[in-house]
Amino acid sequence: MLLLLREGEVLLEKRPPVGIWGGLWCLPEISPGADPRDYCRRRMGARLASARRLPLLRHGFTHFILNITPVVCQVASASPCASEPGQVWLPLEEAAQAAVPAPVRKLLNSLWETGDRPRFPISVSGPVPKHR
């Protein structure tokens, strides 16, 4: 998940209506090993000043555990239309109060409370599966 920051705001994307976290606002996601700088340049015409990986965040669902590798990205410059339909830039405090999934809220709250250095324990919330 990318925590794209620009002038005190973070980018959120609307999830599809069906599926995990259907209809909620979420952080942009890229595949493991993908380059956040390349993603931002291609998708939003944005140039990053920095991209820093944070420790793994684990979130438990009923039947599986989601491993999230958050990446804090400071946007240095972006085109005037840097967001697409279904995307919105919100102030951090406002984003943390939006309709977002629990692990996204945890990341946003930590980011808002500590500046740009989120601190959170690597933990599992929710039920832990007994069998894989």
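Located above this text is the structure these notes cover.
Remember, predicted model here, so these are calculated numbers, not experimental data. (Residues numbered from 1 in each chain as written. Predicted model: local features only at pLDDT ≥ 70, side-chain atom pairs only at ≥ 80, totals over all residues. Heavy atoms only, no water.)

*Asks:* Would you mind going over the side chain of Arg 15 with me for this structure?
*Replies:* Tracing the backbone shows Arg 15 in the loop between strand 2 (9-14) and strand 3 (25-26). A distance of 2.8 Å separates a polar atom in the side chain of Arg 15 from a polar atom in the side chain of Glu 29. Every residue in contact with Arg 15, bar those within four places of it in the chain, is listed here: Ile 20, Trp 21, Gly 23, Leu 24, Cys 26 and Glu 29. (Helix = DSSP H or I, 4+ residues; strand = E, 2+ residues; numbered from the N terminus. Polar contact = N/O pair within 3.5 Å; in protein donor to acceptor, adjacent residues only side chain to side chain. Contact = heavy atoms within 4.5 Å.)

*Asks:* For this particular structure, what's the right way to read the layout of surface pockets?
*Replies:* It is the rolling of a water-molecule-sized probe over the atoms that shows where space remains empty. By volume, the largest pocket amounts to about 290 Å³. Broken down by class, the residue content of the lining of the largest pocket amounts to 10 nonpolar, 4 polar and 3 charged. (1 Å grid on protein atoms, 1.4 Å probe; cavity = no way out; pocket = protein on both sides within 12 Å on 5 of 7 lines; lining within 4 Å. Points joined across faces, edges and corners; volume = space filled by probe spheres on them. Nonpolar A, V, L, I, M, F, W, Y, C, P; charged D, E, K, R; others polar.)

*Asks:* Is there a simple way to explain the environment of Arg 47 in this structure?
*Replies:* Position of Arg 47 among the secondary structure elements: in strand 4 (residues 47-53). Sequence spacing of Arg 47 and Ala 76 is 29 residues, and the spatial spacing of their C-alpha atoms is 5.6 Å. In contact with Arg 47, other than residues within four places in its own chain, are Gln 74, Val 75, Ala 76 and Ser 77.

*Asks:* Looking at this structure, I do not really get helix 1 (residues 36-44). What am I missing?
*Replies:* One turn of the α-helix equals 3.6 residues, which is why residues spaced by three or four share an orientation. Among the residues of helix 1, Pro 36, Tyr 39, Cys 40 and Met 44 are the ones counted as buried. What you see down the axis of helix 1 is that its buried residues fit within an arc of 95°, all on one side. Turned more than 90 degrees off the buried face of helix 1, the exposed positions are Arg 41 and Arg 42. For helix 1, the N-terminal cap is Asp 35; the gap from its side-chain oxygen to the backbone nitrogen of Arg 37 is 3.1 Å. Of the residues one or two after helix 1, Gly 45 is the one with positive phi, at around 65°. (Buried < 20%, exposed > 50% of the residue type's maximum accessible area, 1.4 Å probe, protein only. Arc of directions from axis to C-beta.)

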